[in-house]
Amino acid sequence: MNRLAALTLTMLVAANCSSLRAEAPLGKWVRDAQKRVVKIYGAGGLKGLEAYQSGFLVSPDGHIATAWSYVLDVEPVVLLDDGRRFESKIVGFEPSLELAVLKIEATDTPFFELKQEPTVDWGDPVIAVSNLFNIATGNEPASVMQGTVASITDLNARRGTFKTPYRGKVLILDLIANNPGAAGGAVIDSRGQLAGMLGKELRDSTTGVWLNYAVPANALRTTIGDIIAGRKTTVIDSATATLPRKDSHNPSVLGLVMVPDVLETTPAYIDTVATDSAAARASLRPDDLILLVNGQRVDSQRTLRSLLRTIDRRDDVELTVQRDTQILPVTLQP
Amino acid sequence: MINPRILDLSGLFSLGMAILAGNLLSAADPIKLDAALEQVENSRIESVARAVPSAVSVFVPGGGGGGSGVMISPDGYALTNFHVTSPAGSFMRCGMSDGNVYDAVIVGIDPVGDLAMIRLLGRSDFPAAELGDSRAAEAGDWCMVIGNPFLLATNLKPTVTYGILSGVGRYQYPSGTLLEYGDCLQTDASVNPGNSGGPIYDAQGRLLGIVGRCSFEKRGRVNVGVGYAISINQAKNFLGYLRSGRIVDHATLGATVSTEPDGGVVVSNILESSDAYRRGLRYGSEILEIDGRVVQTANDLQNVMATLPNGWRVKMSYRSEGKTTDTLVRLMGVHLEDELLKKMAGALPPPPPRPQAPGEDGEEKDDPKENKKQPPQQRPGGQRPGGQRPGKPAVKIPQQVKDQLVERKGFANYHFNLAEQNSFINELRNQFPADNAPTETEPQDKKNAAKKGWLLKGETDQTPSQPVTIQVSADKMSIQIGQKTVEIDNRSEMYDVITDGTAAGLLPALNAWQRMLRDGPRKFGESYYMGTMPLGGERPLRDVMVGIAGELEVRWLSHPDTGSVEAIEVFADRDEDPAELWLLREGDSKSMPNVLDLRYGVESILKIKLKSWKEVPASDLQWSAEEKNANNGAGSDRQKAADASQKANANDEVKV
């Protein structure tokens, strides 16, 4: 009760309301947040897969945090709050957080600072800012919704109920925030600080209930910081030389038979694993999706092959694979 | 079925709150709120109390669905959605929070904007909502939606949901050309099927808009935190049109535009027959402002256009070849005359038959398997399955509704148009120049009236001024400026003086006025009350009466408060400028105009300072010999539009 009272008061004071008679509008709080939220357009548009999602700026140099999803299967286009349009580059992603960081060529962008400590507790009022349903277009400000943090809990408390690789704590929200296109949106506390990032739509596989949740900002902080600082980039290092075919790795020597490469960017799904191969020894399985090779992003089978060509056949290969909702690190030893 | 688990949880929550309160305060103390918080809470309670009485629950007679509405005048006029009234047709029953059920009759409908006006009967002191200003609303403002979700208000107590505006100035695509939501409000206050047509109020309880649709998707037809409301400012534009009892249409410029990469709304195609073209708008022109609103993107323009009624004349500024032009533009209809009626017939198919009783209907949607069968994407969040189907025997309409219901093609309810026509002709007969004349309602007077004429004398406002004499009788009229006289005595000459843009164009206007006074709207020709629109792009909105006789269409624009005629427009060729006779007064609104100003397009071609305007026996008027010189009157000031517009192939082109 006290917390609610205090926060309502904070809101009143923050908005510099001339009259205390009515609830202060959330105007400035909302507007400041909207300026930091972006619209992201990428792959999709088929079979109920929306080709858009949300994101928010996390540095003055145009770094954008968003949800790691199929929308990012192509280099996404980013629209800022002021309507400016940018091509973006995926500079890093962390599958286990379902987080990706994009970079646009912009400077002096307004951005959210990520706090080390959690900024909200249950019962705290929040607003969620996202481009759900792609309602806002061009320079229209993103949509804003209000509610409270209903609880902070582990998503894997009932493992397998929600299909996500994320295993940490989530903010459960009492507002219907996680709609199509809302993933990557920002949840803001009453002081205007980033409280969390809206996750992808999740539905309880047994009850059919849709979850409204956000990944807390402090859980994302280190990874976002590392990616921005270049310590944890997944960008392919183009300086690394391609080795002669006989000196480098390739999928078949490692025992990997990939699904037929029929598209320009066929995902690196494993079709079968050769018996008694490096892949078999590492317990790789059919349907595993290879996400990273030595920390570098694999966006297609073509990329997988060319990355393997840069690794000496006598060296280990570090893979990150997605198996259903699990993110697994795997080392292939020749 | 409501999931019992949810009930358990809410019980737990109350318990939790009690424990929490117990921790903070000793059990004996009453809970004391912080003063500021208490003030906020009280203010919210007051606002809800202020707003609830004007909320209306609409029920389709015969148990076939319904929705919500909001009372906007003490004499019973209420707004709701077109898609709420459409299954009911012309008669519905409405509940209010005073515990009464009122019969209601349809007044006017706007299928494109999804608005309908209904009238609740039986009281003259209904609690009406205070209309707010939706343009002043911002994302983050607290708001509330009050209405009849899932038709729960069978006990006549409307449901209140509270939230914030998630966005303003939103655009939601129409289905076809109907049910377009332009410049609308987006809210996270719960909006569910049955809320359609109901009010969204601001935190002070002022009406901000009419709730009408939601983003529904894979989760079924229940709130997912995104509801949309037609802005009250759009509704204000249409109130006069709806009150006319007509089926009204929205406006288009007759052009397509696209947003330039570096900003700016540029014309990519334009109809040569449009007024915008006549005002100089061309391929490549940049539209800067319309109806007083700055537009920077094609979306902006589309948003503004979606809020304007067919036939309005609004201000427009555009830049072409470095030159900025401020002008007025007449807007054309989105639909052709019968096109809208045809679309309406096909737009809302009769709802499917429903096997279940009304009470069970809402809950069946909670089944996730059922949801998959729901059509995806946005559907108006309105009436529920089971409206009146065409095959179903009609509900018996009460007599008091019948008394206010006249069916006629092109009208939702002609009764209300007739009422406006009557009030127009009464005002016209009670103002200059008719107010001094003896009443002409008796049939025997009509013959005499036909023998009366008008004699107007004055001078032009040029220096040196020239004397002007105008004579108008039932079958003959003339204007003499200096030594030049134009005399006309038939319809085809009246048509020609207007299409030629001559000074004699004021004669058909005065003749029509005289004839309207004499014959009244029913005998004038095809006459109807159109609604309200700006005059010369300026508010307040003027009442507009239309009279069509032969090829000439005459419009009287009268001030809403005084009822005095301020301008008469006579259209000859629909694709050319009408003759506009403006009556400028310095003093009393009922007195003789001081100046007659004849305009074509935005040019004034003749200003006459009036000295006298008398009614005289027609035999006293002086006519020249039989010679005719109608077509070499005071000269044409107009330019004929010539150059062709060019095709554009820009992307993201929108029709406005």
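From a predicted model like this one, the values you see are computed outputs, not experimental measurements. (Residues numbered from 1 in each chain as written. Chains lettered and ligands numbered in written order. Predicted model: local features only at pLDDT ≥ 70, side-chain atom pairs only at ≥ 80, totals over all residues.)

**A look at the overall build of chain B**
Here is step 1: Within chain B, the regular secondary structure consists of 14 helices and 33 strands.
Here is step 2: Of all intrachain contacts in chain B linking residues separated by at least 6 positions in sequence, the fraction that spans at least 24 positions is 65%. (Helix = DSSP H or I, 4+ residues; strand = E, 2+ residues; numbered from the N terminus. Contact = placed C-beta atoms within 7 Å.)

**Description of the overall build of chain A**
Here is step 1: A tally of helices and strands in chain A yields six helices and 21 strands.
Here is step 2: At 22 Å, chain A has a C-alpha radius of gyration in line with the 20 Å of a compact globule built from 334 residues.
Here is step 3: Counting only C-alpha atoms and orienting by the principal axes, one finds that chain A spans roughly 80 × 45 × 35 Å.
Here is step 4: Classification of the 334 residues of chain A by burial places 43% in the buried group.
Here is step 5: Considering only contacts within chain A whose residues lie at least 6 apart along the sequence, 62% involve residues at least 24 apart. (Rg over C-alpha atoms; globule rule 2.2 N^0.38 Å. Buried ≥ 20, exposed ≤ 12 C-beta atoms within 10 Å, placed from the backbone.)

**Focus: helix H6 (residues 301-308) of chain A**
All names here are of chain A.
Here is step 1: By the burial criterion, the buried members of H6 are Gln-301, Leu-304, Leu-307 and Leu-308. One side of H6 holds all its buried residues, which, seen down the axis, span an arc of 125°.
Here is step 2: Here the buried face of H6 lies against helix H4 (251-254), strand S16 (256-258), strand S18 (289-293) and strand S19 (296-297). (Arc of directions from axis to C-beta.)

**A look at the interface of chain B and chain A**
Here is step 1: Tallying the contact residues gives 34 residues for chain B and 36 residues for chain A.
Here is step 2: Among the elements of the structure, helix H1 (4-24), helix H2 (35-51) and strand S8 (159-172) of chain B are those that each provide at least two residues to the side of chain B that touches chain A.
Here is step 3: For the side of chain B that touches chain A, the class distribution of residues is 13 nonpolar, twelve polar and nine charged. (Nonpolar A, V, L, I, M, F, W, Y, C, P; charged D, E, K, R; others polar.)

**Points about the nonpolar core**
Here is step 1: Counting residues in hydrophobic clusters, the biggest one holds 142 residues, and the most contacted among them are Ile-64, Ile-127, Ala-186 and Leu-220 of chain A together with Val-70, Ile-118 and Cys-143 of chain B.
Here is step 2: Beyond its immediate stretch of four places on either side in the chain, Ile-64 of chain A contacts Val-38, Gly-55, Phe-56, Leu-57, Val-58, Val-78, Ser-88, Val-101, Leu-102 and Ile-104 of chain A.
Here is step 3: The next biggest cluster of nonpolar side chains, apart from the first, holds 83 residues, and it includes Ile-470, Tyr-528, Ile-605 and Leu-606 of chain B. (Core = buried A, V, L, I, M, F, W, Y, C linked by C-beta atoms within 7 Å.)

**A look at the environment of Thr-463 of chain B**
Here is step 1: Relative to the assigned elements, Thr-463 of chain B resides in the loop between strand S22 (452-460) and strand S23 (467-472).
Here is step 2: Separated by 216 residues in the primary sequence, Thr-463 of chain B and Ile-247 of chain B place their C-alpha atoms 49 Å from one another.

**Structural notes on unusual backbone geometry**
Residues and elements named next belong to chain B.
Here is step 1: Following Thr-463, the chain continues to Pro-464 via a peptide bond in cis, the omega torsion being -5°.
Here is step 2: Among the structural elements, Pro-464 can be located in the loop between S22 and S23.
Here is step 3: Cis geometry is found at the peptide bond from Arg-539 to Pro-540, where omega equals 10°.
Here is step 4: With respect to the helices and strands, Pro-540 occurs in strand S27 (residues 538-549).
Here is step 5: Phi at Leu-179 is positive, roughly 55°, even though this residue is not glycine.
Here is step 6: Topologically, Leu-179 is positioned in the loop between S8 and strand S9 (181-187).

**Side note on the environment of Thr-234 of chain A**
Residues and elements named next belong to chain A.
Here is step 1: Positionally, Thr-234 belongs in the loop between helix H3 (217-229) and H4.
Here is step 2: Classification of Thr-234 as buried rests on a count of 22 C-beta atoms within 10 Å.
Here is step 3: It is 16 Å that separates the C-alpha atoms of Thr-234 and Pro-76, two residues lying 158 residues apart in sequence.
Here is step 4: Among all residues touching Thr-234, those that are not within four sequence positions of it are Gly-92, Phe-93, Leu-292, Gly-295, Gln-296 and Arg-297.

**Description of the domain arrangement of chain B**
Residue and element names in this part refer to chain B.
Here is step 1: According to the domain assignment, chain B contains domain 1 (51-243), domain 2 (251-333) and domain 3 (415-632).
Here is step 2: Each of domain 1 and domain 3 has a C-alpha centre, and these two points are 41 Å apart.
Here is step 3: Listed by partner, the interface residues are five residues for domain 1 and four residues for domain 3.
Here is step 4: The dominant element in the side of domain 1 that touches domain 3, judged by the number of residues it contributes, is helix H4 (residues 232-243), at three residues.
Here is step 5: Here the side of domain 1 that touches domain 3 is composed, by residue class, of two nonpolar, two polar and one charged. (Domains from an automatic or database assignment.)

**Notes on the pairing of strand S4 (residues 91-96) of chain B**
Looking down a regular strand, the side chains alternate between one sheet face and the other.
Residue and element names in this part refer to chain B.
Here is step 1: Counting buried positions over the six residues of S4 gives six, a clear majority of the element.
Here is step 2: Both faces of S4 are covered, namely the face carrying Phe-91, Arg-93 and Gly-95 and the face carrying Met-92, Cys-94 and Met-96.
Here is step 3: As paired strands, strand S1 (residues 55-59) and S4 are joined by four bridges and run antiparallel to one another. Bridge assignment links Phe-59 to a residue of S4, and that residue is Arg-93.
Here is step 4: Judged from the five bridges that link them, S4 and strand S5 (residues 101-110) form a sheet pairing that is antiparallel. Its bridge partner lying in S5, Gly-95 is registered against Val-101.
Here is step 5: Where S4 hands over to S5, the hairpin turn is made up of four residues, of which Gly-99 adopts a positive phi near 90°. (Pairing = 2+ DSSP bridges.)

**Some points on the domain arrangement of chain A**
Residues and elements named next belong to chain A.
Here is step 1: One can read the domain layout of chain A as domain 1 (2-229) and domain 2 (245-332).
Here is step 2: The C-alpha-based centres of domain 1 and domain 2 are spaced at 33 Å.
Here is step 3: Counting residues at the interface gives eight residues for domain 1, matched by eight residues for domain 2.
Here is step 4: Along the lines of polarity and charge, the residues of the side of domain 1 that touches domain 2 split into four nonpolar, two polar and two charged.

**Observations concerning the sheet that holds strand S9 (residues 143-154) of chain A**
Residue and element names in this part refer to chain A.
Here is step 1: Reading around the barrel, the six strands line up as S8-S9-S10-S15-S12-S11 and close back on themselves, with antiparallel pairing between neighbours. Strand after strand, the sheet turns through a mean of 40° between neighbouring axes, direction not considered.
Here is step 2: The sheet contact formed by strand S10 (residues 169-173) and strand S15 (residues 213-216) spans two bridges and is antiparallel. The partner of Ile-172 across the bridge, within S15, is Tyr-213.
Here is step 3: Its contacts with the sheet place helix H2 (residues 27-34) against strand S8 (125-130), S9 and strand S11 (186-188), and it is angled at close to 40° to S8.
Here is step 4: In this fold H3 packs onto S10, strand S12 (194-198) and S15, with an angle of close to 50° to the strand it touches most, S15. (Axes fitted to C-alpha atoms, helices over the stretch in contact; angles between N-to-C directions.)

**Topic: the environment of Thr-240 of chain A**
Residues and elements named next belong to chain A.
Here is step 1: Within the element layout of this structure, Thr-240 appears in the loop between H3 and H4.
Here is step 2: Judged by the 13 C-beta atoms lying within 10 Å of it, Thr-240 falls in the partly exposed class.
Here is step 3: Along the chain, Thr-240 and Gly-230 lie ten residues apart, while their C-alpha atoms are 17 Å from each other.

**So, the sheet that holds strand S32 (residues 603-617) of chain B**
Within a sheet, each strand pairs with its neighbour through backbone hydrogen bonds, oriented either parallel or antiparallel.
Residue and element names in this part refer to chain B.
Here is step 1: The eleven strands lie next to each other as S25-S24-S23-S22-S32-S31-S30-S29-S28-S27-S26, forming an open sheet whose pairing is antiparallel. The open sheet has two edge strands, strand S25 (484-488) and strand S26 (526-535), and neither has a second partner. Direction aside, the axes of adjacent strands within the sheet are offset by 20° on average.
Here is step 2: Bridge analysis of S27 against strand S28 (residues 552-558) gives seven bridges, and the strand direction is antiparallel. Note that in S28 the partner of Met-545 across the bridge is Trp-556.
Here is step 3: Contacts from helix H11 (residues 414-429) reach S26, S27, S28 and strand S29 (565-571) within the one sheet, and its direction differs from that of S26 by about 75°.

**With respect to H2 of chain B**
All names here are of chain B.
Here is step 1: The end-to-end C-alpha distance of H2, which contains 17 residues, comes to 24 Å, matching closely the 24 Å that a straight helix rising 1.5 Å per residue would cover.
Here is step 2: Of the residues making up H2, those classed as buried are Val-40, Ser-47 and Ala-51. Looking straight down H2, one finds its buried side chains confined to an arc of 25°; they lie on one side. What points out from H2, more than 90 degrees from its buried face, is the exposed set Ala-35, Glu-38, Ile-45 and Ala-49. (Expected span 1.5 Å × (residues − 1).)

**So, the packing of H11 of chain B against helix H14 (residues 506-524) of chain B**
Residue and element names in this part refer to chain B.
Here is step 1: Viewed as axis vectors pointing N to C, H11 and H14 meet at an angle of 165°, and their least axial separation amounts to 10 Å. With respect to H14, the axis of H11 lies roughly antiparallel. In this structure, the crossing between H11 and H14 has a hand that is left-handed. In this structure, H11 uses Gln-421, Phe-424, Ile-425, Leu-428 and Arg-429 to contact H14, whose residues at the interface are Met-516, Leu-517, Gly-520 and Pro-521. (Parallel < 35°, antiparallel > 145°, perpendicular 65-115°, else oblique. Left-handed = near helix turned anticlockwise from the far one by under 90°.)

**Re the pairing of S9 of chain B**
All names here are of chain B.
Here is step 1: Counting buried positions over the seven residues of S9 gives seven, a clear majority of the element.
Here is step 2: In this sheet, strand S12 (residues 227-231) lies alongside S9 in antiparallel orientation, the contact comprising three bridges. When the sheet's bridge partners are listed, Thr-187 is paired in S12 with Gly-227.

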